[in-house]
Amino acid sequence: MMQRDDAVIRPATLADLDGVHALEQACFDTDAQSRRSLRYLISRARSDFLIVLAAGHVVADVIVLYRRNAGVARLYSIAVGDAARGRGLGLTLLGEAEIAAVGRGCHALRAEARQANKASRTLFSRAGYCERERLPGYYPARARETAREDGIRLEKLLNPTE
Ligand SMILES: CC(C)(COP(=O)(O)OP(=O)(O)OC[C@H]1O[C@@H](n2cnc3c(N)ncnc32)[C@H](O)[C@@H]1OP(=O)(O)O)[C@@H](O)C(=O)NCCC(=O)NCCS
């Protein structure tokens, strides 16, 4: 468990399901994970699901997935609630995700972002991620849109000796 100002960062448990589900609903529209999926992700052995708690509420989370014998981890999701944004929590959580991935023996972390998601792309860029590949039509259309949206694949090499 890690303290950051008045916030605590720790792995999610099933007791946090209501909180992470509420955060998910608030942060994503078309890309929101279902409650069932979140339950699975919290329980999954090959994942790190970290949450930030402030005053007992889940205000941010990050999910990292691992595959057996793979040196590349996947940053599956990151979300910071509206009221907690712009204070460096996203960067802090990315750093925690990288530490977790190194701890699992991974040498790189990959993520995807919607091309139009400026906040996310800037966050990853500030954290040292390279935009490796364009992913045409990777994301479903947003609400009230018809066309699928392109994605960007991001990657950061993790060097535990630095
Ligand atoms: C993307 C997200 C996680 C950023 O969280 P955050 O805690 O506000 O991010 P930080 O405060 O750590 O910001 C880090 C950097 O990202 C950039 N950034 C963050 N929000 C931004 C925005 N709205 N527009 C442009 N740049 C932004 C800034 O460069 C910032 O650093 P700086 O303020 O020193 O310049 C948050 O906006 C979010 O949860 N969005 C909705 C869910 C989502 O899109 N998740 C990503 C899916 S890939």
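Residues numbered from 1 in each chain as written. Predicted model: local features only at pLDDT ≥ 70, side-chain atom pairs only at ≥ 80, totals over all residues. Heavy atoms only, no water.

Trainee: Explain the overall build of the protein residue by residue, including any values.
Mentor: Of regular secondary structure, the protein possesses four helices and eight strands. Reading the helices (α) and strands (β) of the protein from amino to carboxyl end gives β-β-α-α-β-β-β-α-β-α-β-β. Its C-alpha radius of gyration of 15 Å places the protein within 12% of the 15 Å reference for a compact globule of 162 residues. Dimensions of the protein, computed from C-alpha atoms along their principal axes, come out at roughly 40 × 40 × 30 Å. (Helix = DSSP H or I, 4+ residues; strand = E, 2+ residues; numbered from the N terminus. Rg over C-alpha atoms; globule rule 2.2 N^0.38 Å.)

Trainee: For the UniProt feature "domain: N-acetyltransferase" (unreviewed entry) in the protein, give the residues involved together with the corresponding values.
Mentor: Mapped onto the present numbering, the UniProt feature "domain: N-acetyltransferase" (unreviewed entry) falls at residues 7-159. Between the C-alpha atoms that bound residues 7-159 there is a distance of 27 Å. The span itself is 29% helix and 37% strand. (UniProt positions renumbered as here; feature names shortened; annotations may be inferred.)

Trainee: Any details on helix H3 (residues 89-103)? Residues and values, ideally.
Mentor: Counted at 1.5 Å a residue, the expected span for H3 with its 15 residues is 21 Å, and the 21 Å between its end C-alpha atoms agrees. For H3, the set of buried residues is Leu-89, Gly-90, Thr-92, Leu-93, Leu-94, Glu-96, Ala-97, Glu-98, Ala-100 and Ala-101. Two residues or fewer past H3, Gly-105 is found with a positive phi of approximately 85°. (Expected span 1.5 Å × (residues − 1). Buried < 20%, exposed > 50% of the residue type's maximum accessible area, 1.4 Å probe, protein only.)

Trainee: Describe the environment of Ile-9, with residues and values.
Mentor: With respect to the helices and strands, Ile-9 occurs in strand E2 (residues 7-11). With 83 residues separating them in the primary sequence, Ile-9 and Thr-92 have C-alpha atoms 9.6 Å apart.

Trainee: Go over the site of the ligand with me, naming the residues and quoting the values.
Mentor: Looking at the ligand, there are 19 residues lining it, with Val-80, Gly-86, Gly-88, Asn-117 and Arg-126 nearest. One of the backbone N or O atoms of Ile-78 is found 2.8 Å from a nitrogen atom in the ligand. With respect to the ligand, the backbone of Leu-91 contributes an N or O atom lying 2.9 Å from an oxygen atom. The protein chains hide 73% of the 920 Å² of surface that the ligand would expose on its own. Among the elements of the structure, strand E5 (72-80), H3 and helix H4 (118-126) are those that each provide at least two residues to the shell around the ligand. Element by element, the count of residues in the shell around the ligand is highest for H4, at five residues. Tallied by class, residues from the shell around the ligand come to nine nonpolar, six polar and four charged. (Near = heavy atom within 4 Å. Polar contact = N/O pair within 3.5 Å; in protein donor to acceptor, adjacent residues only side chain to side chain. Areas by Shrake-Rupley, 256 points an atom, 1.4 Å probe, with all protein chains shown as cover. Nonpolar A, V, L, I, M, F, W, Y, C, P; charged D, E, K, R; others polar.)

Trainee: Go over the pattern of salt bridges with me, naming the residues and quoting the values.
Mentor: All chains considered together, the criterion is met by 16 salt bridges. Among the ionic pairs, Arg-114 bridges to Glu-149, the shortest N-O distance being 2.8 Å. Remark: Glu-149 occurs in strand E8 (residues 149-157) and Arg-114 occurs in strand E6 (residues 108-114); sequence separation between them is 35 residues. Each of the two residues, Arg-114 as well as Glu-149, counts as buried. With its nearest N and O atoms 3.4 Å apart, the salt bridge here joins Glu-149 to Arg-142. (Salt bridge = Lys/Arg side-chain N within 4 Å of Asp/Glu carboxyl O.)

Trainee: Describe in detail the packing of helix H1 (residues 17-27) against helix H2 (residues 35-43), supporting the description with residues and values.
Mentor: Running from amino to carboxyl end, H1 crosses H2 at an angle of 125°, the nearest separation of the two axes being 10 Å. Our classification of the angle between H1 and H2 gives oblique. Relative to H2, H1 is oriented so that their crossing is right-handed. Residues Leu-17, Asp-18, Val-20, His-21 and Glu-24 of H1 form the contact with H2, whose participating residues are Arg-35, Leu-38, Arg-39 and Ile-42. Residues of the contact of H1 with H2, tallied by class, amount to four nonpolar, one polar and four charged. (Axes fitted to C-alpha atoms, helices over the stretch in contact; angles between N-to-C directions. Parallel < 35°, antiparallel > 145°, perpendicular 65-115°, else oblique. Left-handed = near helix turned anticlockwise from the far one by under 90°. Contact = heavy atoms within 4.5 Å.)

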